[in-house]
Each structure stands twice: as C-alpha cells, then as structure tokens.
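Working through the structure, step by step
Listed here are the chains, written in short residue letters.
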Amino acid sequence: MLAYFDDHGIGNVVDLFLDRFGRNPREILRRYWNLQERGIIFQSVNEDLKEEFLLLLRAGIAGQESKRTSERVRAAILEAVSRGTHVGMIPPKYGNQIQQVPEQVAAIRLAYELATVRNMGYKAVADYLNGHGHLTKSGMLFMAETTKVILKNPALVGRMVFKGSSGQDEPIVHENFYPAILSPEEWDTLQQRLTIRREGQHRGRTDSSQYLLSGACH
C-alpha cells in the first residue's frame, strides 16, 4: 500500500472504518504513522483522529472490533464446513460443481506412479512432469514444493480436511467430498512411500525398508 502511494503521489487517504485499517492497535498505529511520515493525510470517516490520545484510544477499540470480527468470521466458516459446505474458491466456469480437469488428473496420476513405482523424490517428479509438457493448474512449471503439496493433499482421495487458520481447532474431515483421483489403497501406499523418503533423508542411506530397491532394479 505504501509503495503504491509513493509511486502514484497520493497525498490523502480516507478510511471508512478504522478497524479495517489493521488487525490490532499496533498495526493500525504503525500504518497511520508511516503515512504521517510521508506527509500523507489520513482521515477516518467515522473517527476523530486529530488528537493523538484519541487516536490511541480509537486504535485500541478498533483492534478489539477487528478481533471480534475475525472470530465471528472464523466461527461462521467452521460452522459452514461442519455442514459439508465448500468454503474455498471454485473457478467460475464450473459453477457450483467441483469437476476434474483430465489434463491435471493425468499429471497427478503420473506423479503418483513416479513417486511410488519409480521411487522419485519431489524434485525429480517435478522435473519429469515439466520435461513431458505438464503444467500446474495456473499454467506454471512444477517445482519440488508444488509437487510435495499436491502429493500430500488428501483431496486426491476425495477427502476434505479443514484445519482453519489458527490451528487451534480439531480438523474437520469429510470423506468423499471431492471426486477422487486415487483409491484409498493408492493413497495409503503413496503416503507410506513419502514417509519413508522423508525418514531416509534424516537417518542417512543405511536405513532399510521394503521399498529400498523399488524402481532401481528391472
């Protein structure tokens, strides 16, 4: 925001509600003072900020209101998810239906085979997919971290898991929520393989497992 103001020579900022200007008093005040240091006039439609004491008081009140708003939104989301309502974004072209894209399914199935049958790591899988013309759903090349996120996503087996942003609530799980790409058996095999690779990276190359030579011998 500040960079945008600097680039465009903006001299006045008008805010409707002070609690929307930051999540807590410290953030509100820091943003207000950053604007002030740049010579930018900040005004709130519903607050009198001329006196610094009032600013401190209003910032505290706004911070509490912002916190309560976040709590209400979080509670509403958790309640909706518990009913089995999808709270994420679905591309407009799909309407309200969650549909599979054949090209993406093919890439995921290939990634599964590479990770399980050929025992490839995340980077090797990403390089293979890129080398064979596959792209992510956003049209980008695959990266190791992208591959990791995909292969560990329970949506592959049709499962919706909502953990919330705070991490304090028990995850809400809905089975058969998405069209499944992997069977439960394939999902279990994949997660076992990923776990073995992760443990092997920490313990060294002397570990043994039933998968140690998988994909290495023909």
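Residues numbered from 1 in each chain as written. Predicted model: local features only at pLDDT ≥ 70, side-chain atom pairs only at ≥ 80, totals over all residues. Heavy atoms only, no water.

Bringing helix H5 (residues 122-131) into the picture now. Turning to H5, its buried residues number three or more, namely Val125, Ala126 and Leu129. End-on view of H5: buried residues confined to an arc of 100 degrees, all on one side of the axis. Looking at H5, the residues exposed on the side facing more than 90 degrees away from the buried face are Lys123 and Gly131. Next to the buried residues of H5 lie helix H4 (102-116) and helix H6 (144-151). Positioned one or two residues after H5, Gly133 has a phi angle of 80 degrees, which is positive. (Buried < 20%, exposed > 50% of the residue type's maximum accessible area, 1.4 Å probe, protein only. Helix = DSSP H or I, 4+ residues; strand = E, 2+ residues; numbered from the N terminus. Arc of directions from axis to C-beta. Contact = heavy atoms within 4.5 Å.)

Membership of the largest hydrophobic core comes to 20 residues, with the highest contact counts inside it found for Val125, Leu151, Leu156, Ile181, Leu182 and Leu190. Secondary structure elements with two or more residues in this core: H4, H5 and helix H7 (184-203). The dominant element in this core, judged by the number of residues it contributes, is H4, at 7 residues. When neighbours within four sequence positions are excluded, Leu182 is seen to be in contact with Arg109, Tyr112, Leu156, Val157, Trp187 and Leu190. Ranked by size, the runner-up nonpolar core spans 9 residues in total, among them Phe21, Ile28, Ile40 and Phe42. (Core = buried A, V, L, I, M, F, W, Y, C linked by side-chain atoms within 4.5 Å.)

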